[in-house]
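Residue-level listing of the chains:
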Amino acid sequence: MHRSSSLALAGSVALAVGAFLVPASAAQAGVSQGTAFYVDGVPYRTVATPNDLSGTGAPAHSFDVIYDLGGAQANVAEAAPGDRDYNGGRWQVHALQYDDFDAVLAAGDLDGDGILGSVEEVGAAIAAGVATDGGVVASFTCPVIPFPRGR
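The structure presented is a predicted model; accordingly, all values stated were derived computationally and were not measured.

Asker: Just give me the short version of the pairing of strand 5 (residues 90-98), but keep the residues and values in it.
Answerer: In terms of burial, strand 5 is largely enclosed, as 8 of its 9 residues are buried. Sheet topology places strand 3 (residues 64-68) next to strand 5; 5 bridges connect them, and they run parallel. When the bridges of strand 5 are listed, Val65 appears paired with Gln92. Where strand 5 and strand 6 (residues 131-141) come together, 8 bridges link them in antiparallel fashion. Counterpart to Tyr98 in the pairing with strand 6 is Ala131.

Asker: Quick rundown of the side chain of Ser62? Include the residues and the values.
Answerer: Take Ser62: it is sitting in the loop between strand 2 (42-46) and strand 3. Looking at Ser62, its side chain comes within polar contact range of the main-chain oxygen of Pro59, at 2.7 Å. A distance of 3.0 Å separates polar atoms of two side chains, one belonging to Ser62 and the other to Arg90. With sequence-adjacent residues up to four places away left out, Ser62 is seen in contact with Asn87 and Arg90.

Asker: Just give me the short version of the sheet that holds strand 6, but keep the residues and values in it.
Answerer: The 7 strands lie next to each other as 6-5-3-4-1-2-7, forming an open sheet whose pairing is mixed. Each edge of the sheet is formed by a strand with only one pairing partner; in this case those strands are strand 6 and strand 7 (144-146). With direction set aside, neighbouring strand axes in the sheet form an average angle of 35 degrees. Along the sheet, helix 3 (residues 119-127) makes contact with strand 3, strand 4 (75-77), strand 5 and strand 6, crossing strand 6 at roughly 145 degrees.

Asker: Mind laying out the nonpolar core, listing which residues take part and the relevant values?
Answerer: Ranked by internal contacts, the top residues of the largest apolar core, which has 15 residues, are Phe37, Val39, Tyr44, Ala77, Trp91, Phe140 and Val144. Formed by 13 residues, the second largest nonpolar core is a distinct cluster that contains Val65, Tyr67, Leu69 and Ala125.

Asker: So, the packing of helix 2 (residues 101-108) against helix 3: which residues are in play, and what are the values?
Answerer: Running from N to C, helix 2 and helix 3 cross one another at 115 degrees; their axes reach a closest spacing of 8 Å. In terms of axis orientation, helix 2 runs roughly perpendicular to helix 3. Classified by chirality, the crossing of helix 3 by helix 2 is right-handed. For the pair helix 2 and helix 3, contact is made by Val104, Ala107 and Gly108 and by Glu121, Ala124 and Ala125, respectively. Among the residues forming the contact of helix 2 with helix 3, the class breakdown is 4 nonpolar, 1 polar and 1 charged.

Asker: Can you tell me about the packing of aromatic side chains, naming the residues and giving the values?
Answerer: What describes a pair of aromatic rings is the distance from one ring centre to the other and the angle between the planes of the rings. Summed over the entire model, instances satisfying the criterion amount to 4 aromatic pairs. The ring of Phe63 is capped by Arg90, whose NZ or CZ atom sits 4.5 Å from the centre of that ring.

Asker: Now, about helix 3: what can you tell me, with residues and values included?
Answerer: For helix 3, the complete set of buried residues consists of Glu121, Val122, Ala124 and Ala125. The buried residues of helix 3 all sit within an arc of 155 degrees when viewed along its axis, so they share a single face. On the buried face of helix 3, the contacting elements are strand 3, strand 4, strand 5, helix 2 and strand 6.

Asker: Residues and numbers for the environment of Glu78, please.
Answerer: Along the chain, Glu78 turns up in the loop between strand 4 and strand 5. Once the C-alpha coordinates of Glu78 and Asp64 are considered, the two residues, 14 residues apart in sequence, prove to be 6.3 Å apart. Within polar-contact distance, the side chain of Glu78 engages the backbone nitrogen of Val65 at 3.0 Å.

Definitions and limits used
Residues numbered from 1 in each chain as written. Predicted model: local features only at pLDDT ≥ 70, side-chain atom pairs only at ≥ 80, totals over all residues. Heavy atoms only, no water. Buried < 20%, exposed > 50% of the residue type's maximum accessible area, 1.4 Å probe, protein only. Helix = DSSP H or I, 4+ residues; strand = E, 2+ residues; numbered from the N terminus. Pairing = 2+ DSSP bridges. Polar contact = N/O pair within 3.5 Å; in protein donor to acceptor, adjacent residues only side chain to side chain. Contact = heavy atoms within 4.5 Å. Axes fitted to C-alpha atoms, helices over the stretch in contact; angles between N-to-C directions. Core = buried A, V, L, I, M, F, W, Y, C linked by side-chain atoms within 4.5 Å. Parallel < 35°, antiparallel > 145°, perpendicular 65-115°, else oblique. Left-handed = near helix turned anticlockwise from the far one by under 90°. Nonpolar A, V, L, I, M, F, W, Y, C, P; charged D, E, K, R; others polar. Phe/Tyr/Trp six-rings, centres within 6.5 Å; stacked < 30°, edge-to-face > 60°. Lys NZ or Arg CZ within 6 Å of the ring centre and 35° of its normal. Arc of directions from axis to C-beta.

Take a look at the structure:
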């Protein structure tokens, strides 16, 4: 992977830090305005919280994974409140690396809705060889907020 995967990784770090960890000002703190990530095709918002759990020694299984798609679309997470395996808003961001997001979408959009909306769809893109999991770029906590019904 070359230029665009580097951009995706840089975007991953910027999104993880900027959107989730450290609000630039009090005016930017609070509930995200748009979709922060999808879980099983359902959009969720979040609240920016200034914390960093990297280096704490917490085991990987105590976090849920968010795949950061480098700004090409909202991120994709593996769990949300109400899921049996949800870890209460403890996240590890994995940078999805790719050369061509259109190819990622073509390989991964299993339900044809125009987005990658689930970890299964991210996995399909990885299995097709058009994307790779670049590993953990951030670990933190933040709440998950469903959009109001009828949105």
